[in-house]
Amino acid sequence: MTLRVPPVALRRVANPLWLPGAVLLTVPLLLGLVVGGLAALTPGQRRLLRLSALALTYVWVDVSILVACWWLWLCSPLPRRDLDTWRQRHATVLGWALRCLLARSESTVGFHLELENPAATQDRGRPLVVLARHAGPGDSFALVHLLLEQLGRRPKVVLKEVLQLDPGLDVLLNRLDCYFLPSRSGAGEDRTEAVRRLAQSLTAREALLIFPEGGNWTPRRHRRAVRRLFRRGESRRARRAAEHPAVLPPRPGGAVACLTARDDTDVVVVAHAGLDTLVNPGQMWRAIPVHDRPMRVSWWVTDADRVPRTQEAAQVWVENMWARVDTWVRHARAVATAPAAPTA
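None of these values were measured; they are calculated from a predicted model.

Asker: I'm lost on the packing of aromatic side chains in this one. Help?
Answerer: Working definition: an aromatic ring pair is given by the centre-to-centre distance plus the angle between the planes. Counted by the stated rule, this structure contains 1 aromatic pair. For the ring pair Tyr 58 and Phe 141, a centre distance of 6.4 Å and an interplane angle of 15 degrees mean the geometry is stacked. Taken together, the residues span a long stretch of sequence, with Tyr 58 in helix α3 (residues 47-75) and Phe 141 in helix α5 (residues 139-149) at a distance of 83 residues. A relative accessible area of 28% places Tyr 58 in the partly exposed class. One Lys or Arg, Arg 133, reaches over the ring of Trp 217 and ends 5.5 Å from the middle of that ring. Over the face of the ring belonging to Trp 217 we find Arg 333, whose NZ or CZ atom lies 4.7 Å from the ring centre.

Here it is in structure tokens:
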């Protein structure tokens, strides 16, 4: 079942209702804190307490985002007069919100990042296209946080339309010129062209984040993707996808549109592992806290003059880079599960 997102006019009317809605939602979350606190008296039973505290933080950070966006509009009701400053102020709000959420995630459920090569992306004064693996809980927030804090770039993100049901994300990310993929069938060409225009609009201070796999990796989705490619008669891609079980086969539309839209963008390919094998709510619940399972991130940068800009060459290049991501992910898993060497 696909959730239908209301039209933008209806969302603008409904968004102010999120304030009293957050107050009402706070009541069961506070009850969860109380019950979780009592359960925490028993060793190993602090999961409810941890999740209730994290959910409460999320709700009020989201409310704060919405209030900040209203305040920025009151201060500048005609943003097109200085669109760059307008977006930079909203990027500052996004950076603050992500720092709050990630700090609370670490203190409650143990979520934390480990960056393998932090110095790999020197600022060359060119716009960035970021192709990232999509897997595990919280990876989208963590990757946008890295774009802001580590790379110093204002993010434009390609996301699923259903995220517009979150009032704070809806207002904030639309003002940052992010693109929400429509879920309706038959919108493929429109979506590809919209992503192409988004890449063409990038400035030297911005980065476009897109997830070429089109959804969160799970073993089941990988098997379905391979079968789907075989049914379509794409045997070569299907066999290659079967050889790389740690990633989903990259979809050719959006990623290739980003690479062929212009010839001056550096490209960053992002791999990560650690929480990616938590693929359902039960596994996530049992894994809490995840202090010993950091989200390990690695990335590779390709200069603009080395990125292929034709349709076929760009598609082959993305597939080759995704094979590299698969190799890195499987190696990271092997290292994480290897027994510790005995001490002398």
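Here the narrative resumes.
Asker: When you look at the packing of helix α2 (residues 18-39) against α3 in this model, what are you seeing that I'm missing?
Answerer: Between two packed helices, what matters for the description is the angle formed by their axes and the separation of those axes. Between α2 and α3, whose axes approach to 8 Å, the crossing angle comes to 160 degrees. Here α2 is positioned roughly antiparallel relative to α3, judged by the angle of their axes. The element α2 and its partner α3 pack so that their crossing is left-handed. Of the residues that constitute the contact of α2 with α3, the class distribution is 20 nonpolar, 5 polar and 1 charged.

Asker: Looking at this structure, I do not really get a positive patch on the surface. What am I missing?
Answerer: On the surface, a cluster of positive charge is made up of Lys 160, Arg 220, Arg 221, Arg 223, Arg 224, Arg 227, Arg 231, Arg 232 and Arg 251. For the positive patch, the leading source of residues is helix α8 (residues 219-231), giving 6 residues. Following the sequence through the fold, Arg 251 ends up in the loop between α9 (235-242) and α10 (252-260).

Asker: I would appreciate a short explanation of the nonpolar core in the present structure.
Answerer: In summary, soluble globular proteins display a tendency toward joint burial of nonpolar side chains. Core analysis: the biggest nonpolar cluster contains 53 residues, and Leu 94, Val 130, Leu 143, Leu 173, Leu 209 and Val 270 have the highest contact counts within it. No other element matches the 9 residues that α3 contributes to this core. If we ignore the near neighbours within four places in the chain, the residues touching Leu 143 are Ala 132, Arg 133, Leu 209, Phe 211, Val 270, His 272 and Met 295. Counting 33 residues, the second-largest nonpolar core is a separate cluster that includes Val 195, Leu 202, Val 318 and Met 321.

Analysis parameters
- Residues numbered from 1 in each chain as written.
- Predicted model: local features only at pLDDT ≥ 70, side-chain atom pairs only at ≥ 80, totals over all residues.
- Heavy atoms only, no water.
- Phe/Tyr/Trp six-rings, centres within 6.5 Å; stacked < 30°, edge-to-face > 60°.
- Helix = DSSP H or I, 4+ residues; strand = E, 2+ residues; numbered from the N terminus.
- Buried < 20%, exposed > 50% of the residue type's maximum accessible area, 1.4 Å probe, protein only.
- Lys NZ or Arg CZ within 6 Å of the ring centre and 35° of its normal.
- Axes fitted to C-alpha atoms, helices over the stretch in contact; angles between N-to-C directions.
- Parallel < 35°, antiparallel > 145°, perpendicular 65-115°, else oblique.
- Left-handed = near helix turned anticlockwise from the far one by under 90°.
- Nonpolar A, V, L, I, M, F, W, Y, C, P; charged D, E, K, R; others polar.
- Patch = residues over 30% accessible without salt bridge, like charges linked within 9 Å, V, L, I, M, F, W, Y side chains within 5 Å.
- Areas by Shrake-Rupley, 256 points an atom, 1.4 Å probe, with all protein chains shown as cover.
- Salt bridge = Lys/Arg side-chain N within 4 Å of Asp/Glu carboxyl O.
- Lys, Arg positive; Asp, Glu negative; His and termini not counted.
- Charge placed at Lys NZ, Arg CZ, Asp CG, Glu CD.
- Core = buried A, V, L, I, M, F, W, Y, C linked by side-chain atoms within 4.5 Å.
- Contact = heavy atoms within 4.5 Å.

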